[in-house]
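Take a look at the letters that make up each chain.
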Amino acid sequence: MDKVFVEGLEVLTTIGVYEWEKGIKQKLRFDLEMGFNNAPAAKDDDINKALDYATLSQAVTQFAEQHQFELIETMAERVAELIFARFAVQFVRVRLTKPNAVVNAAGVGVEILRTRKV
Ligand SMILES: Nc1nc2c(c(=O)[nH]1)N=C([C@H](O)[C@@H](O)CO)CN2
């Protein structure tokens, strides 16, 4: 299966389980991997047949900036749903890192893999 990926997409948003987190913005980093047949776009050299990673990145950024959750698990799941709703991908892997959450850790986070239901 071909893939299209987006690495290190940084978004500032309000996220966290603690009260002090609900009034601030924190950085999240998205690493996204989508299953998509790249051959038709390559054959015709046509962006309209490609999974446009720029449009996808913009959609994820806008969603993450505009929605507030407690858990990064919830953000990851909702972003996967958004990608399935807007883009014709077979699967999506969402790796979500909260870089500044744990002192002495470079990052903490979750990764989910979801396959489109037929
Ligand atoms: N599995 C998770 N653990 C924790 C989360 C989370 O979203 N998923 N969140 C927090 C706090 O919001 C933390 O990031 C504050 O530093 C703790 N554990």
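Just so it is clear, the structure is predicted and the values come from calculations on it, not from any experiment.

Draft legend 1. Summary view of the packing of helix H2 (residues 53-66) against helix H3 (residues 72-86). Here H2 crosses H3 at 140°, and the two axes come no closer than 10 Å. Considering the angle they form, H2 stands oblique to H3. As for the relative orientation of H2 and H3, their crossing is right-handed in sense. Contacts from Leu56, Ala59, Val60, Phe63 and Ala64 of H2 reach H3 at Met75, Val79, Leu82, Ile83 and Arg86. When the residues that make up the contact of H2 with H3 are grouped by side-chain class, the tally is nine nonpolar, no polar and one charged.

Draft legend 2. The arrangement of the sheet that holds strand S3 (residues 91-98) in detail. Strand order across the open sheet formed by four strands is S1-S2-S3-S4, with antiparallel pairing between neighbours. Across the chains shown, the open sheet's two edge strands, defined by having one partner strand only, are strand S1 (3-13) and strand S4 (108-115). Within this sheet the neighbouring strands show an average axis-to-axis angle of 15°, counted without direction. As judged from the nine bridges shared by S1 and strand S2 (residues 26-35), these two strands associate in the antiparallel manner. The residue bridging Val11 from the neighbouring strand is Leu28, located in S2. The strands touched by H3 are S2, S3 and S4; relative to S3, the strand with the most contacts, the crossing angle is about 150°.

Draft legend 3. Highlighting the nonpolar core. Counting 20 residues, the largest nonpolar core has Phe30, Met34, Met75, Val79, Val94 and Leu96 as the members making the most contacts within it. Put simply, the parts of the chain that give this core at least two residues each are S2, H2, H3 and S3. When residues of this core are assigned to their parent elements, the largest contribution, five residues, is made by H3. If near-sequence neighbours (up to four positions away) are discounted, Met75 is found in contact with Ile15, Ala64, Phe69 and Leu96.

Draft legend 4. Representation of the environment of Val79 within the structure. By the element assignment, Val79 lies in helix H3. Judged by the 23 C-beta atoms lying within 10 Å of it, Val79 falls in the buried class. As for Val79 and Pro99, which are separated by 20 residues in sequence, their C-alpha atoms are 18 Å apart. Residues within four places of Val79 in sequence aside, it is in contact with Val60, Phe63, Ala64 and Val94.

Draft legend 5. Summary view of the UniProt feature "domain: Dihydroneopterin aldolase/epimerase" (unreviewed entry) in the protein. Sites flagged by UniProt as "domain: Dihydroneopterin aldolase/epimerase" (unreviewed entry) map to residues 4-114. For residues 4-114, the helix share is 32%, the strand share is 32%, and the end-to-end C-alpha distance is 15 Å.

Draft legend 6. Representation of the pairing of S3. Here S2 pairs with S3 via six bridges, running antiparallel. Among the inter-strand pairings, Asp31 is bridged to a residue of S3, identified as Arg95. Relative to S4, S3 is paired through eight bridges, and the arrangement is antiparallel. Bridge pairing in S4 places Val94 opposite Ile112.

The rules behind each value
Residues numbered from 1 in each chain as written. Predicted model: local features only at pLDDT ≥ 70, side-chain atom pairs only at ≥ 80, totals over all residues. Axes fitted to C-alpha atoms, helices over the stretch in contact; angles between N-to-C directions. Helix = DSSP H or I, 4+ residues; strand = E, 2+ residues; numbered from the N terminus. Parallel < 35°, antiparallel > 145°, perpendicular 65-115°, else oblique. Left-handed = near helix turned anticlockwise from the far one by under 90°. Contact = placed C-beta atoms within 7 Å. Nonpolar A, V, L, I, M, F, W, Y, C, P; charged D, E, K, R; others polar. Pairing = 2+ DSSP bridges. Core = buried A, V, L, I, M, F, W, Y, C linked by C-beta atoms within 7 Å. Buried ≥ 20, exposed ≤ 12 C-beta atoms within 10 Å, placed from the backbone. UniProt positions renumbered as here; feature names shortened; annotations may be inferred.

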